[in-house]
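Coordinate inspection notes
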Amino acid sequence: MSELPVRPGRLNGLRHIALLVPNLEECERFYVDVLGMEVLNRANEDLVYLTCGNDNLSLGRGAGAANGLQTLDHYGFIVDSIEELEAWYQYFKARGVTLLDRPFNHGDGARSFHLLDPAGNKVQPLYHPAVSGQRLA
């Protein structure tokens, strides 16, 4: 029996969630105007990233659930560096975790990959220059 790989460092928090919403503009106004979040990046007409300064909320235009409500696409754990992201990728690969893609760059300097937990939830280890490295008190 082979020895399990050593886990890379400590994750820096569950601070990214991605929602698919059928009414993107209305949801963006709610999160910005009502909750006070700021637009971090508008990737394209169907995808906007919002923040409170230490987190990352992705709103993507999507069909939504059959009842018309939002649908969770994935959630992300922040890592502190691109090197740490690669270490996590290699760790999950060695553990036999179901990987959906390889680490890839985003247009805003972020880098991530996706995997599935045992229940089939999509999880995204994520390096993001606006959030990574921060420590919450």
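Here goes a summary of the coordinates provided. Note that this is a predicted model, so its numbers are computed, not measured.

Taken as a whole, the largest pocket holds about 150 Å³ of empty space. If you go around the largest pocket, you meet 14 residues; those closest to its centre are His 16, Tyr 49, His 74, His 106 and Gln 124. Looking at the lining of the largest pocket, the elements that each hand over two or more residues are strand S3 (47-51), strand S4 (56-61) and strand S9 (122-127). Its residues assigned to classes, the lining of the largest pocket comprises five nonpolar, eight polar and one charged.

One pass over the full model with this rule turns up zero disulfides. Cys 27 takes part in no disulfide bond, and the closest cysteine sulfur, belonging to Cys 52, lies 15 Å away.

This part takes up the packing of aromatic side chains. For the coordinates displayed, the defined rule picks out seven aromatic pairs. When the ring of Phe 30 is compared with that of Tyr 31, the centres are 5.2 Å apart and the planes differ by 85 degrees; the resulting orientation is edge-to-face. Centroid distance Trp 88 to Tyr 91: 5.5 Å. Interplanar angle 85 degrees. Geometry classified as edge-to-face. Placement of both Trp 88 and Tyr 91 in helix H2 (residues 82-95) is noted, with a separation of three residues, approximately one turn of the helix. Judged by its relative accessible area of 4%, Trp 88 is buried. Feature note: the residues Trp 88, Tyr 89, Tyr 91, Phe 92 and Phe 113 constitute an aromatic cluster, connected by ring pairs.

Parameters and conventions
Residues numbered from 1 in each chain as written. Predicted model: local features only at pLDDT ≥ 70, side-chain atom pairs only at ≥ 80, totals over all residues. Heavy atoms only, no water. 1 Å grid on protein atoms, 1.4 Å probe; cavity = no way out; pocket = protein on both sides within 12 Å on 5 of 7 lines; lining within 4 Å. Points joined across faces, edges and corners; volume = space filled by probe spheres on them. Helix = DSSP H or I, 4+ residues; strand = E, 2+ residues; numbered from the N terminus. Nonpolar A, V, L, I, M, F, W, Y, C, P; charged D, E, K, R; others polar. Disulfide = S-S within 2.5 Å. Phe/Tyr/Trp six-rings, centres within 6.5 Å; stacked < 30°, edge-to-face > 60°. Buried < 20%, exposed > 50% of the residue type's maximum accessible area, 1.4 Å probe, protein only.

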